Amino acid sequence: IPKYADEFNMVNFRELRGDGTYFKNAYLGYMASETVISHNVIVSGQLPKNMGWVDEAYRDAGSLLDPANPAPPAQGEMHITGDLSLGNYGTLVTNADYLKLTNYLRSAYPEKKFMMVGEKSYAVETAMAPATGTDIGVRLSGRKTVTTAGPGGCIADVGGRFRYPQGYNVPSYLLEPDASDSTKCGRFTINSDKGNDYGTKAAFPSWIYPEDGNRFFPGTDASAAGHPGGDVWATDAAIAMIEHEDWSGLFVTLGAIDKAGHMWGAQEDAANFTGDCNDPEPAVRGANQTHIRCAAEIADAQLGRLRTAVAAYDVAHGGETLIVLTSDHGGTYSKSFNGKNYLDAGDSNWYYGSSVYDGGLLVTTTYNNPSPALQPLIATGNVQFSYQSTAIETWLLDNSDAKKMEAAAIAQTLPGVMASYWHNGDGYTLYGRNRTPASELRWWRAHGQEIVDTLAAPNGPDVVALLHDRVGYGAYGDHGGAQESVQRVPVVFWSPSLAAHQQMSGGFRTIDILPTILQAMDIPVSPTDTMDGAAWTIT
């Protein structure tokens, strides 16, 4: 959220924004405003409808992800995209047939590597796919149990449960055991004990989607002294790769601010505390680290460290690095919250479906416990899958036009719905709109149809319901929809030779990032690449 930079102690962000080219009116320009979409949009310049998948759910009508299945349902099986594999994302990108930043950098600098690092698997792997050659993608593994067979002969010095670097071509120096004691975990193995939650399992509203160990935050438990997690982990790994590799591009994603926003309500996080968020002492940081202010200030400190490491690399190797700073989506709090409110309710709030593939496994019960607010839609018996965040998107079993209009009529009656649409060929047709405050109406009239239409792929939802501001169904803080608060993102371009102190007032969209990078680096766009974005001149 752009205003965080001025509300919190984010000196590095403010300096970069002030010295570089800052697009003050930038916005995503598409749905879904989700990480699993945004990271691929950033590196491809494609709108979701053209990139292979459009949201957290994918309907596999062509059996691309399960070609051996002899009898998929006629409309295609549903998959949760956040749990797809790197190979799955590669299949979808290859089928959609477009180029990405990795392709352009490999062509321009064939002897160098593209590198990607972050906490979340899909944040890294959507941007990496399809991974080839010597490129590097590093993210945290799933939760593991400490045994003597763990990475580097790991013993229980990280709290009993742990995560460690996984991904594509993970460098060996990130997997080495402790330098002074080979029986101990190396630096990049971190605590992931669900009991080590910094109070988030016992508090409202964080209990809906609580933290586990030091996955997204540095931590203050005993193990964190040598194994800080979260954005510090991602930055340490990125700096190690900067120092070890000959690289052409580096994509670093810092996931803590997203997690904090989900738990505490984005810009309405009511935490009131003093102290330096970057002080590692438990008495100072403790549970405070899970709140928005600390997540933002810790991330800002990592930005400063990354700039220092990149500057040193440029001095040592010549040339200069183009730095692009953005967020992958905005966020809002759910003043009107329509999901279930209890511990770990997040996943079943977000997803509804009695038959869905999750991580390659068919799931028939986990996501069959919907919010009561959805009951009028589910009672039709025609819902194959539904995804709720700051919008409601529904895939139907019978998706004839008549049934889509019928479902859109019901969707318009659900709590918090502003407008409903049904999928009509290459776009969406507005079914109806409820009374809307003037402050929301201005944004919707300017951008609502544009944003909804970016979902109009064959695998896209049959019905879309946009929600009013400050309405959510998934977690207390959320994103995904078309509201201005979840669409606004900061975008800054900086390098030593670019014109300084530029504030651009135009409507820069995330699809414009890749073509603008290529133009700034004098890398020509392939004449066969049907990129949706356009380059902005920043020199």
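Residues numbered from 1 in each chain as written. Predicted model: local features only at pLDDT ≥ 70, side-chain atom pairs only at ≥ 80, totals over all residues. Heavy atoms only, no water.

This brings us to the pairing of strand β4 (residues 113-118). Counting buried positions along β4 gives 5 out of 6 residues, so the element sits mostly inside the fold. Pairing of β4 with strand β10 (residues 247-253), which is carried by 6 bridges, proceeds in the parallel orientation. Considered in β10, the bridge of M116 is made with F251. In the sheet, β4 pairs with strand β5 (residues 136-140) via 3 bridges, with the strands oriented parallel. Its bridge partner lying in β5, V117 is registered against V138. Traced from β4 through helix α7 (residues 121-128) to β5, the parallel crossover comes out right-handed. (Buried < 20%, exposed > 50% of the residue type's maximum accessible area, 1.4 Å probe, protein only. Helix = DSSP H or I, 4+ residues; strand = E, 2+ residues; numbered from the N terminus. Pairing = 2+ DSSP bridges. Right-handed = clockwise from strand over helix to strand, strands pointing away.)

Most of helix α9 (residues 256-264) sits inside the fold, with 8 of its 9 residues counted as buried. Listed in full, the buried residues belonging to α9 are A256, D258, K259, A260, G261, H262, M263 and W264. In this fold, the buried residues of α9 make contact with α8 (230-244), α10 (292-317), α11 (346-350) and β23 (477-478). Backbone geometry just downstream of α9 places G265 in the positive-phi region, at approximately 100 degrees. (Contact = heavy atoms within 4.5 Å.)

In this section: the packing of aromatic side chains. If you walk through the whole model with that rule in mind, you get 18 aromatic pairs. Through a chain of ring-to-ring contacts, the aromatic side chains of Y351, Y367, F385, Y387 and W395 assemble into a single cluster. In this structure, R307 is placed above the aromatic ring of W494, and the distance from its NZ or CZ to the ring centre is 4.6 Å. (Phe/Tyr/Trp six-rings, centres within 6.5 Å; stacked < 30°, edge-to-face > 60°. Lys NZ or Arg CZ within 6 Å of the ring centre and 35° of its normal.)

A word on the nonpolar core. Grouped together as the largest cluster of nonpolar side chains are 65 residues, with contacts concentrated most on F23, M31, I37, W53, L466 and F493. Not counting chain neighbours up to four residues away, the residues in contact with L466 comprise M31, G416, V417, M418, A419, Y421, W444, V452 and A482. By size, the runner-up hydrophobic cluster in this structure holds 23 residues, among which are I1, M263, L303 and W494. (Core = buried A, V, L, I, M, F, W, Y, C linked by side-chain atoms within 4.5 Å.)

Tallied over the full model, the rule gives 19 salt bridges. K112 is the salt-bridge partner of D246, the closest N and O atoms lying 2.7 Å from each other. Of the two residues, D246 is situated in the loop between α8 and β10 and K112 in the loop between α6 (101-108) and β4; the sequence distance between them amounts to 134 residues. The closest approach of N and O atoms between E297 and R293, which form a salt bridge, is 3.3 Å. Within this pair, E297 and its partner R293 are both found in helix α10, separated by 4 residues, close to a single helical turn. Residues E297 and R293 agree in their burial class; the two are buried. Each of R143, R163 and D212 takes part in one network of salt bridges that share partners. (Salt bridge = Lys/Arg side-chain N within 4 Å of Asp/Glu carboxyl O.)

Attention now moves to the sheet that holds β10. Strand order in this open sheet of 4 strands is β8-β5-β4-β10, and the pairing throughout is mixed. Looking along the sheet, the strands with just one partner apiece sit at the ends: β8 (165-168) and β10. Shown here is a sheet whose adjacent strand axes are inclined to one another by a mean of 20 degrees, direction ignored. (Axes fitted to C-alpha atoms, helices over the stretch in contact; angles between N-to-C directions.)

Looking now at the side chain of S192. Tracing the backbone through its elements, the reader meets S192 in the loop between β9 (190-191) and α8. Polar contacts involving the side chain of S192 include one to the side chain of D212, which spans 2.8 Å. Once residues within four sequence positions are removed from consideration, S192 is found in contact with R143, V158, R161, F162, R163, D212 and G213. (Polar contact = N/O pair within 3.5 Å; in protein donor to acceptor, adjacent residues only side chain to side chain.)

A complete count under the given rule lists 1 disulfide for this structure. The disulfide partner of C277 is C294, and the S-S distance across this bridge is 2.1 Å. Because the torsion about its S-S bond is -75 degrees, the bridge between C277 and C294 counts as left-handed. One end of the pair, C277, is in the loop between α9 and α10; the other, C294, is in helix α10, with 17 residues separating them in the sequence. On the accessibility criterion, C277 (1% relative accessible area) is buried. On the accessibility criterion, C294 (1% relative accessible area) is buried. (Disulfide = S-S within 2.5 Å.)

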